[in-house]
Amino acid sequence: MTHPDLTLLRTPPKAPTTLRWTGTALDLLDQTRLPQEVTYRRCEDGEAVREAIVTLQVRGAPAIGLAAAWGLALAMGEKDDLEPNAWRSALEAAADRLRSARPTAVNLAWALAQQLKAIDGAGLSGAPGRALLTETAARLQSEDERVCATLGAYGASVIPDGARILTHCNAGALAVAAWGTATAPMYHMQAEGRPFKVFADETRPVLQGARLTAFELAQAGIDVTLITDSMAAHLMSRGEIDLVIVGTDRVTANGDVVNKIGTLSVAIAAKHFSIPFWVACPLSTYDPATAEGSDVPIEERAPEEVTHLGGQRIAAQAPVRNPAFDVTPAALVTGGIITEAGIARPPVGAALAELTAS
Ligand code: MRU
């Protein structure tokens, strides 16, 4: 595979920055307030970062991993004087606490594992250990930006001019350090001056599509049309969608794709109408240690996300289910999986294993 042209990608799109390190604290763009307000939540300790992840103030698989990496550095803030063994135990406990914030996206565990690996590799503890945690979090954040820019260029190479693209949830710049995953090919095409159009599913119940994807694409000047989730199959049946591209929270060894609830319905409809279904993700989202999608814990969130809108009850009194993610079988990923190392074509499980072996 030829390497994509990255010369167009020096300036990230005009989305507000998701994570900002101040030198002593982490400022997180509060995504629960978008699109009405662009405000930042200042996190000065590990617990504040954990709470921001649990409440979706920061969300999206790579972004929660990066937040946790910074959160670990903050969590070790007042522990510089501990003996090396006690410091290492405190680090492990803080990592466990952050890891438990959300169970489905593997990037959270991946980023914390990168932190522990850096510490163990350097054999540091105390203040120098904490400095290394900060340095590693900064490195992970700039790598995420580079990785997303690269996969965006690969993605743009498989999208035809004039494509009408459907996306689900927000796998955008707001979900990562910059560029996004599913949106990175769109930003790349925009930089190349190529025509395309995006349909964004609203993504019930938390409305990441309506509140976040439509917001960031419109801000960047991309032609985006918002639809409700139930409209996607209808547009496909009328020949109004050329391809689907989504992000993911975890891809298992067999190529199953775990992503925001509703992704499976989109993939089934796309298969029915012979519309290519693509997934874009950094390799940090690939989890070869988990055999298949049914092995992945699916987060079940509060019923109020379903029964209430804008603080107002909209539903009758009835039991509620609220699984936040679903599993799209590898066989429905008919386009391929776009990564920073190139594109894994179907069968995507085997292709990903091959891409990562080299
Ligand atoms: O619950 P969320 O908003 O964290 O879910 C996010 C998604 O499902 C995204 O599609 C996924 O994390 C990919 S983000 C690049």
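Calculation criteria
Residues numbered from 1 in each chain as written. Predicted model: local features only at pLDDT ≥ 70, side-chain atom pairs only at ≥ 80, totals over all residues. Heavy atoms only, no water. Pairing = 2+ DSSP bridges. Helix = DSSP H or I, 4+ residues; strand = E, 2+ residues; numbered from the N terminus. Axes fitted to C-alpha atoms, helices over the stretch in contact; angles between N-to-C directions. Domains from an automatic or database assignment. Contact = heavy atoms within 4.5 Å. Buried area = accessible area lost by both parts, 1.4 Å probe. Salt bridge = Lys/Arg side-chain N within 4 Å of Asp/Glu carboxyl O. Polar contact = N/O pair within 3.5 Å; in protein donor to acceptor, adjacent residues only side chain to side chain. Buried < 20%, exposed > 50% of the residue type's maximum accessible area, 1.4 Å probe, protein only.

1. What about the sheet that holds strand E5 (residues 196–201)?
Thinking step 1. Across the sheet, which stays open at both edges, the 7 strands sit in the order E6-E5-E4-E7-E10-E15-E16 with mixed pairing between neighbours. Since the sheet does not close on itself, it has two edges, and those belong to strand E6 (224–227) and strand E16 (342–344), each with one partner. Within the sheet, the average angular offset between the axes of one strand and its neighbour, ignoring direction, is 25 degrees.
Thinking step 2. Bridge count for strand E10 (residues 277–280) against strand E15 (residues 336–339) is 3 bridges, and the pairing is parallel.

2. Quick notes on the domain arrangement of the protein
Thinking step 1. Along its sequence, the protein is carved into domain 1 (19–145) and domain 2 (149–357).
Thinking step 2. One C-alpha centre belongs to domain 1, the other to domain 2, and the line joining them spans 25 Å.
Thinking step 3. Tallying the contact residues gives 26 residues for domain 1 and 30 residues for domain 2.
Thinking step 4. For the pair domain 1 and domain 2, the summed buried surface comes to about 2200 Å²; carbon and sulfur atoms form 55% of the total.
Thinking step 5. Taken together, domain 1 and domain 2 are joined by 1 salt bridge.
Thinking step 6. With its nearest N and O atoms 2.9 Å apart, the salt bridge here joins glutamate 299 to arginine 102.
Thinking step 7. Where domain 1 packs against domain 2, one counts 16 residue pairs in polar contact (both at pLDDT 80 or more).

3. What about the pairing of strand E3 (residues 40–43)?
Thinking step 1. Burial along E3 is one-sided: Arg41 and Cys43 are buried, while Tyr40 and Arg42, pointing the other way, are not.
Thinking step 2. Bridge count for strand E2 (residues 26–29) against E3 is 4 bridges, and the pairing is antiparallel. If you follow leucine 28 over to E3, its bridge partner there is arginine 41.

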